[in-house]
Amino acid sequence: MALAGKMSMSNEDLIKEIQKGKLLSEEVVTKLKRDMLLSGQSVEALISSQRLLDDEKIAQLKSAVLRVPYKKLDLAAIDKKLFDVIPEEVARTYATVPISQKDNLLILGMLHPDDVKAQDALKFLARRSQINLGVYLISWGDWQAVLRLYSPYRSEVEKAVQSLGLKEGGAQKVISLEEAADVKEAPIVTIVANTFREAVQSRASDIHIEPQQTYLRVRFRVDGDLKEVAALPLEIAAPVVSRIKVISNLKIDETRTPQDGRFRTRVFDRDIDFRVATFPTPLGEKVAIRVLDPSTGLKGFESLDLLFKNKEMVTKGLEKPFGMILVTGPTGSGKSTTLYSMLQELNEESVNIVSLEDPVEYFVSGINQSQVRPEIGYDFASGLRQILRQDPDVIMVGEIRDAETAGLAVQAALTGHVVLSTLHTNNSAGVIPRLIDMKVEPFLLPVSLNLMLAQRLVGRLCPDCKTPEEAPAEVQQLIKKAMSELPTEVQEQFKEPYQIYHSKGCSKCKSKGVMGRVALFEAFLMSPALEEIVAGGPTVQKILKEAKGQGMITLRQDGILKALQGKVSIEEVIRETEDV
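Bear in mind that the values here come from a model prediction, so they are computed numbers and not experimental data.

## Looking at the confidence of the model for the protein chain
- When pLDDT is averaged along the protein chain, the result is 83; 85% of the residues meet or exceed 70.
- Below pLDDT 50 for its whole length, residues 1–11 participates in 24 contacts with residues either more than four positions away or in separate chains.
- Ignoring residues within four places in sequence, the model shows residues 169–183, a span with pLDDT below 50, making 21 contacts including any to other chains.

Right under this line is the structure:
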């Protein structure tokens, strides 16, 4: 594929060429010449800044400058099957869209055919797909129109916005409650409803609706990464937020302080909970919405993907009639998902399970769930005292945050209850020192603490486009060192030279190379040897040595095993386990 380089003609030559093509009037040509349009900035930036041309005329001018032919697109003639060849992520990242294909020649439209990164990406695509590429320069409007064909959500939202008949205006506009009430309600309802449906379909964990200086930004968090999915007129920011407040039972007239709420609705024939939090900013109210989809957030114990010794230890910990099971890791590492999986494993008719959460994320049948409300004095500590009067067999406390909660959790474990909770430490070996730091007496830990489990989340490689390859020499050495510390029966399942996997990206994973996330674990149990360490003054190093003596698989080792199985990339495993 040969793409034109940057323009080298003089201003005079450019003016003559433009005049020949009758692209601009004599008056505009004079203005362009006087302002030295091409001195120091791109053609597109300078013309746009002076509002001299519409985007189609800008594209025609760029075509003359870059000597890449311009094409006006016929949307009806575009075959949507080509969207599998050029996925939406590629189209957005490199400002390109497919136009047509005949035999092995794929014709593309590009906004910036002189973009070196875009050229390299498309050349790679051509080599991988064994096709030849032809390029036309297209206008920004045509590019946006084709992008809307990729996503019905964008088209539906745009149609709803257009039906409001908003005038093109400046940046920030303040809308009072009365003005918001005058806006036609149906399009706003459509925008909000379609946003929720698109979030569920995209497997988003969060929706962010954020007023910016010139527009209302809508972003989804998918597989841990935030991505903008829509840019709406700023004029509809207040009506959209008001609509969300109405269905979340929040105060519409209160915009000065944060509010929390939730609602449940049926999307794609399944019940989805949405947890809503508003936050005041100088530009208006920001809304963050957690999408709680039981089909993705509630996992069975087997789907946790615990391997070898980790699975054996967690199973033993759950079988004990009393004692604490603590899950550790940073915020967003999937600790709550793991706790819910354990609760479902313990959830039987003969077992009374009571949970104390902040907030309740998923409603699980058969479990008595309660949400703390610190603003009225109902926190983890006071709630835990009340739970003990509910005749529980299993208690789940969302998080041990302070010395009082830690002490009560230990007492509950000592009095014959199974207690599940989370704690913030870097690894599982840090659990005991952290509890002692919270003023828990060391002599109480051997009889109250059963299992310590740490975890991290990494991206799951797309099963459709992942391919194996032999690991580079330095990675071979890293894998070999980690495997040498594992039991022989584990080592025998993976032979040298070690194979790792990478995903190129495809239409199914939207060119990201990952679909969902996988947890990395490390677990170990309280043991007689560990009791002696606790009694004699525990340190992380001593605890870690004993844990490895039990056969514990560390976070990095678990990640390497999953990389060898083709579930995750070795590079992300190394990056996520550097601090442990």
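From this point, the discussion proceeds with the structure in view.
## Some words on the pairing of strand E10 (residues 323–328)
- Among the 6 residues of E10, 6 are classified as buried, and the element is accordingly described as predominantly covered.
- Burial along E10 is two-sided: Gly323, Ile325 and Val327 facing one way and Met324, Leu326 and Thr328 facing the other are all buried.
- Relative to strand E14 (residues 418–423), E10 is paired through 6 bridges, and the arrangement is parallel. Paired with isoleucine 325 across the two strands is leucine 420, which belongs to E14.

## Quick look at the pairing of strand E4 (residues 206–211)
- Counting buried positions over the 6 residues of E4 gives 6, a clear majority of the element.
- With 6 bridges connecting them, E4 and strand E5 (residues 215–222) associate as antiparallel partners. Of the residues in E5, the one forming a bridge with histidine 208 is arginine 219.
- The antiparallel hairpin formed by E4 and E5 contains 3 residues in its connecting segment.
- Inspection of the sheet shows E4 paired to strand E9 (residues 284–292) by 4 bridges, in the antiparallel sense. Bridge pairing in E9 places isoleucine 209 opposite valine 287.

## Regarding the side chain of aspartate 223
- By the secondary structure assignment, aspartate 223 is in the loop between E5 and strand E6 (225–233).
- With a relative accessible area of 16%, aspartate 223 lands in the buried category.
- Engagement of the side chain of aspartate 223 in a polar contact is seen with the side chain of arginine 203, the distance being 3.4 Å.
- At 3.1 Å, the side chain of aspartate 223 forms a polar contact with the backbone nitrogen of glycine 516.
- What aspartate 223 contacts, discounting residues up to four positions off in sequence, is Arg203, Lys512, Val514, Met515, Gly516 and Arg517.

## Let's talk about the packing of aromatic side chains
- What the rule picks out here adds up to 4 aromatic pairs.
- An angle of 50° between the planes, with centres 5.4 Å apart, marks the rings of phenylalanine 196 and phenylalanine 263 as tilted. Of this pair, phenylalanine 196 sits in helix H10 (residues 185–201) while phenylalanine 263 sits in strand E7 (residues 259–267); the two residues are 67 residues apart in sequence, bridging distant segments of the chain. Each member of the pair phenylalanine 196 and phenylalanine 263 is classed as buried.
- An aromatic cluster is present here, built from Phe196, Phe263 and Phe274 joined pairwise through their rings.
- In this structure, lysine 466 is placed above the aromatic ring of tyrosine 501, and the distance from its NZ or CZ to the ring centre is 5.6 Å.

Conventions we followed
Residues numbered from 1 in each chain as written. Predicted model: local features only at pLDDT ≥ 70, side-chain atom pairs only at ≥ 80, totals over all residues. Heavy atoms only, no water. pLDDT = per-residue confidence, 0-100. Contact = heavy atoms within 4.5 Å. Buried < 20%, exposed > 50% of the residue type's maximum accessible area, 1.4 Å probe, protein only. Helix = DSSP H or I, 4+ residues; strand = E, 2+ residues; numbered from the N terminus. Pairing = 2+ DSSP bridges. Polar contact = N/O pair within 3.5 Å; in protein donor to acceptor, adjacent residues only side chain to side chain. Phe/Tyr/Trp six-rings, centres within 6.5 Å; stacked < 30°, edge-to-face > 60°. Lys NZ or Arg CZ within 6 Å of the ring centre and 35° of its normal.

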